[in-house]
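# Inside the fold
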Amino acid sequence: MKFTFSKVARHRVFQHDPIYYDEQKEKREARERRIKEELGLLSDEEKDEGYADRIRGGMRRRMKSHFEVSRSEKRRSNLRLVIILIVLMILGFYLIQEGMIWMESFFAE
């Protein structure tokens with residue numbers, strides 16, 4: 001047996017189990033479950049799965065609508081940007097003019 005004062009750490013192994021998402025398959029299964037529910041062919045376990053799917057679908061819809069920006073919002077944003085740029089240009093022009101007047105009066109004396 002070999003005794004050491006310090007242990008050498010083993011390298012860590014990265015394990016990644018890929019998750020594949022098939023949107024068409026999920027939509028198809030949801031459609032089948034709705035049809036079975038309408039016909040009354042679902043068991044209690046399958047009914048419980050329906051709640052989770054509705055929650056998941058609601059989250060997806062909210063996230064999608066959250067990131068979508070309407071045309072009117074884009075127009076308002078662009079208009080606001082143009083107004084800010086115009087105000088900054090006017091302010092910059094004014095400061096340059098005042099600076100030139102100050103420099104002329106400072107060096108003329």
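Higher on the page you've got the structure.
In this report, we go over the structure that sits alongside the text.

Parameters and conventions
Residues numbered from 1 in each chain as written. Predicted model: local features only at pLDDT ≥ 70, side-chain atom pairs only at ≥ 80, totals over all residues. Heavy atoms only, no water. Patch = residues over 30% accessible without salt bridge, like charges linked within 9 Å, V, L, I, M, F, W, Y side chains within 5 Å. Areas by Shrake-Rupley, 256 points an atom, 1.4 Å probe, with all protein chains shown as cover. Salt bridge = Lys/Arg side-chain N within 4 Å of Asp/Glu carboxyl O. Lys, Arg positive; Asp, Glu negative; His and termini not counted. Charge placed at Lys NZ, Arg CZ, Asp CG, Glu CD. Helix = DSSP H or I, 4+ residues; strand = E, 2+ residues; numbered from the N terminus. Buried < 20%, exposed > 50% of the residue type's maximum accessible area, 1.4 Å probe, protein only. Phe/Tyr/Trp six-rings, centres within 6.5 Å; stacked < 30°, edge-to-face > 60°.

### Regarding a positive patch on the surface
Together, Lys25, Arg28, Arg31 and Arg34 give the surface a local cluster of positive charge. Topologically, lysine 25 is positioned in helix 1 (residues 23-39). Judged by relative accessible area, lysine 25 falls into the partly exposed class, the value being 39%.

### Brief notes about the packing of aromatic side chains
Here the structure, examined in full by the defined rule, presents 2 aromatic pairs. Where tryptophan 102 meets phenylalanine 106, the ring centres are 5.2 Å apart and the plane angle is 15°; that geometry is what we call stacked. Placement of the pair is tryptophan 102 and phenylalanine 106 together in helix 3 (residues 71-108), with a separation of 4 residues, close to one helical turn. Seen from their ring centres, phenylalanine 106 and phenylalanine 107 are 5.3 Å apart, and the 75° between their planes marks the pair as edge-to-face. Feature note: the residues Trp102, Phe106 and Phe107 constitute an aromatic cluster, connected by ring pairs.

### With respect to the pattern of salt bridges
As enumerated under the stated definition, the model contains 1 salt bridge in all. Of the charged contacts in the structure, one is a salt bridge between glutamate 23 and lysine 27, with a shortest N-O distance of 3.4 Å. Taken together, the residues glutamate 23 and lysine 27, both in helix 1 and 4 residues apart, mark about one turn of the helix. Take glutamate 23: its relative accessible area is 43%, and that puts it in the partly exposed class. Residue lysine 27 is classed as partly exposed on the basis of its relative accessible area, which comes to 49%.

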